[in-house]
There are 2 protein chains.
Amino acid sequence: MSDQASFFRVENVEGRGDAVIVCEHASNDLGGADDALGLSAELRHAHIAWDPGALGVARGLAAAMDAVLIHATASRLIYDLNRPPDSPGAMPTRSESHDVPGNRHLTATQRQGRTAAHYVPFHAALFSLLARRLAGGRPTALITVHSFTPVYFGARREVEFGIIHDADDRLARAILARDTGLLSRLNDPYSAADGVAHTLALHATPLGLAHAMLEIRNDLIATPQAQRDMADRLAPAILAAVKECL
Amino acid sequence: MSDQASFFRVENVEGRGDAVIVCEHASNDLGGADDALGLSAELRHAHIAWDPGALGVARGLAAAMDAVLIHATASRLIYDLNRPPDSPGAMPTRSESHDVPGNRHLTATQRQGRTAAHYVPFHAALFSLLARRLAGGRPTALITVHSFTPVYFGARREVEFGIIHDADDRLARAILARDTGLLSRLNDPYSAADGVAHTLALHATPLGLAHAMLEIRNDLIATPQAQRDMADRLAPAILAAVKECL
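Right, let's walk through the structure included here. (Residues numbered from 1 in each chain as written. Chains lettered and ligands numbered in written order. Predicted model: local features only at pLDDT ≥ 70, side-chain atom pairs only at ≥ 80, totals over all residues.)

### Let's talk about the overall build of chain A
Looking only at helices and strands, chain A features six helices and 11 strands. Its C-alpha atoms give chain A a radius of gyration of 17 Å, near enough to 18 Å, the size a compact globule of 246 residues would have. Taken along the three principal axes of its C-alpha coordinates, chain A extends 50 × 40 × 30 Å. Taking all 246 residues of chain A together, 52% fall into the buried category. Long-range contacts, defined here as pairs at least 24 residues apart, represent 81% of the contacts in chain A between residues at least 6 apart. (Helix = DSSP H or I, 4+ residues; strand = E, 2+ residues; numbered from the N terminus. Rg over C-alpha atoms; globule rule 2.2 N^0.38 Å. Buried ≥ 20, exposed ≤ 12 C-beta atoms within 10 Å, placed from the backbone. Contact = placed C-beta atoms within 7 Å.)

### Considering the relation of the copies chain A and chain B
Each copy of the sequence occupies a distinct position, and chain A is placed on chain B by a rotation of 180° and an axial shift of 0.0 Å, giving an RMSD of 0.0 Å. A rotation of that kind, with that shift, is consistent with a two-fold axis. Looking at the rotation axis and the C-alpha trace of chain A, the residue lying nearest is A124 of chain A, at 2.9 Å. Interface residue correspondence from chain A to chain B reaches 100%, placing this contact among same-surface, isologous pairings. (Least-squares fit on C-alpha atoms with pLDDT ≥ 70 in both.)

### A word on the sheet that holds strand β9 (residues 161-164) of chain A
Residue and element names in this part refer to chain A. Taken together, seven strands build an open sheet; the order of strands is β1-β3-β2-β6-β11-β9-β10 and the sheet is mixed. The open sheet has two edge strands with one neighbour each: β1 (8-11) and β10 (184-186). This sheet shows a mean twist of 20° between the axes of neighbouring strands, independent of strand direction. Here strand β2 (residues 19-23) pairs with strand β3 (residues 68-72) via four bridges, running parallel. (Pairing = 2+ DSSP bridges. Axes fitted to C-alpha atoms, helices over the stretch in contact; angles between N-to-C directions.)

### Looking at the nonpolar core
Formed by 160 residues in total, the largest nonpolar core has its most connected members in I21, A58 and L61 of chain A together with I21, A58 and L61 of chain B. Contact partners of I21 of chain B, with chain neighbours within four places excluded, come to A58, L61, A62, A67, L69, I143 and V145 of chain B. (Core = buried A, V, L, I, M, F, W, Y, C linked by C-beta atoms within 7 Å.)

### Considerations on the sheet that holds strand β2 (residues 19-23) of chain B
Residues and elements named next belong to chain B. Judged by pairing direction, the sheet is mixed, and its seven strands sit side by side in the order β1-β3-β2-β6-β11-β9-β10 without closing on themselves. At either margin of the open sheet sits one strand with a lone partner, and together these are β1 (8-11) and β10 (184-186). When the angles between neighbouring strand axes are averaged without regard to direction, this sheet yields 20°. Contacting β2, β6 (141-148) and β11 (210-217), helix α5 (residues 198-207) runs over the sheet at an angle of about 175° to β6.

### Thoughts on the packing of helix α2 (residues 54-65) of chain B against helix α6 (residues 224-245) of chain B
Residues and elements named next belong to chain B. In the contact formed by α2 and α6, the axes pass within 8 Å of each other and the chain directions differ by 45°. The pairing of α2 with α6 is recorded here as oblique in orientation. The interaxial crossing formed by α2 with α6 has right-handed handedness. Contacts between α2 and α6 involve G56, V57, G60, L61, A64 and M65 from the former and P224, Q227, R228, M230, A231, D232, L234, A235, I238 and L239 from the latter. Here the contact of α2 with α6 is composed, by residue class, of 11 nonpolar, three polar and two charged. (Parallel < 35°, antiparallel > 145°, perpendicular 65-115°, else oblique. Left-handed = near helix turned anticlockwise from the far one by under 90°. Nonpolar A, V, L, I, M, F, W, Y, C, P; charged D, E, K, R; others polar.)

### As for the pairing of β3 of chain A
Residue and element names in this part refer to chain A. In terms of burial, β3 is a largely internal element, five of the five residues being buried. Neither face of β3 is open: one carries V68, I70 and A72, the other L69 and H71, and all of them are buried. As defined by bridge partners, β1 adjoins β3 across four bridges and the pair is classed as antiparallel. Bridged to E11 within β3 is L69.

### Overview of unusual backbone geometry
P189 of chain A follows D188 of chain A through a cis peptide bond whose omega is 5°. Along the chain, the position of P189 of chain A falls in the loop between β10 and α5 (198-207). Of note in the backbone geometry, N187 of chain B takes a positive phi value of approximately 50° without being a glycine. Here N187 of chain B is to be found in the loop between β10 and α5. N187 of chain B gets classed as buried once you count the C-beta atoms within 10 Å, which come to 20.

### Topic: the interface of chain A and chain B
Each partner contributes residues to the interface: chain A has 25 residues there, and chain B has 25 residues. Broken down by secondary-structure element, the contributors of at least two residues to the side of chain A that touches chain B are α3 (108-135) and α5 of chain A. With 15 residues, the single largest contributor to the side of chain A that touches chain B is α3 of chain A. Residue composition of the side of chain A that touches chain B, grouped by class: 15 nonpolar, seven polar and three charged.

As structure tokens, then:
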């Protein structure tokens, strides 16, 4: 897989913490796509291309928790790693109210090429990492870090911190129970029923791992400093919750 | 993964059928283990080392259905591909009423080595194969082929053909509804609740694939001819059931 490894990165691989942190929407890099998928410069920096601020928070959490972090280095508009290959959202032709011209009329071969270059190596690497931990008897919680737009299809979202789970709700509820000073909700602004928890369904549920998908409203993490502050705010709650569940 | 590929094999990779067939317990080869795990020659050929007859049936089904087949080439006593790495059954110290001396006192590093050599490459290859099909828009059902011993812990099993499912029971029920002339039962002699459906949970459920785990009583498939006959008997039922579910 070495020729494909450039679309994801693993950091702090020797981390001794109990969590594995994942950031599928870390990057808005469209360098791997012809003509930047036909998007304007403005859209390339908008939330449709990535989860702004999520990587900074994920890195802060990984540092505070001494956790390994795996993150994408290409935009989710090329391939959304949190969607299976047959999902319309994997290589979307539309996102919110914007067309993605470069994703119209993809052939089966092109879809297979992006899947082989982005989706398969990322998830194979995460799978390998998790399997190694389990074989070594290491307690492991899987935490994915995302951000969401404060205004979606014109509607303002009040929630600041959403915690989403797949089949096992223990870790999500344990995080929710801690005071972070944020307006926090379970399975909001979306839930696994919306098909947004694919990474958790693919890895955490079949391996029986405690898990949570963290969704932070992106206006709260717009700068590197705000991302560090958010990580500092969340880390104690998440560390305590992970400890409770393992 | 090329250096590890010797512990599994993919056959009929260009198959045009709608099924992907998996045989995790195809082999009783202990060549990769020191001192054959300390087992007697008799035990090395017993059902604890593999699923006798399963590969012959799986090959017959793959031929009849023009399906790709992926199967193990090492014994499940080295690594049981249908178990996660933290399961006691992945590298069992006991199987039915027999000790497996070579699996006692495995270190974390040894467990990680077997996991990296057997479990990870097998499932990464299956995942890659399934992802490619989904990206190409190909309908796909996942079928795993197993055999079970007619006498287990001294008790005789009457069932001849067990059909097991994970979260989605459609394909299993559709196969059960067809007449194969066998004494057939759903989720018998075990079910997903016993942790025996890991391959289905790892691949079929998160990818939303129709799926079934076929369990054939091994006294019915003791010879190559009996395996071919069983495949011929089952193939029409399975083909029809797959067609119904896709």
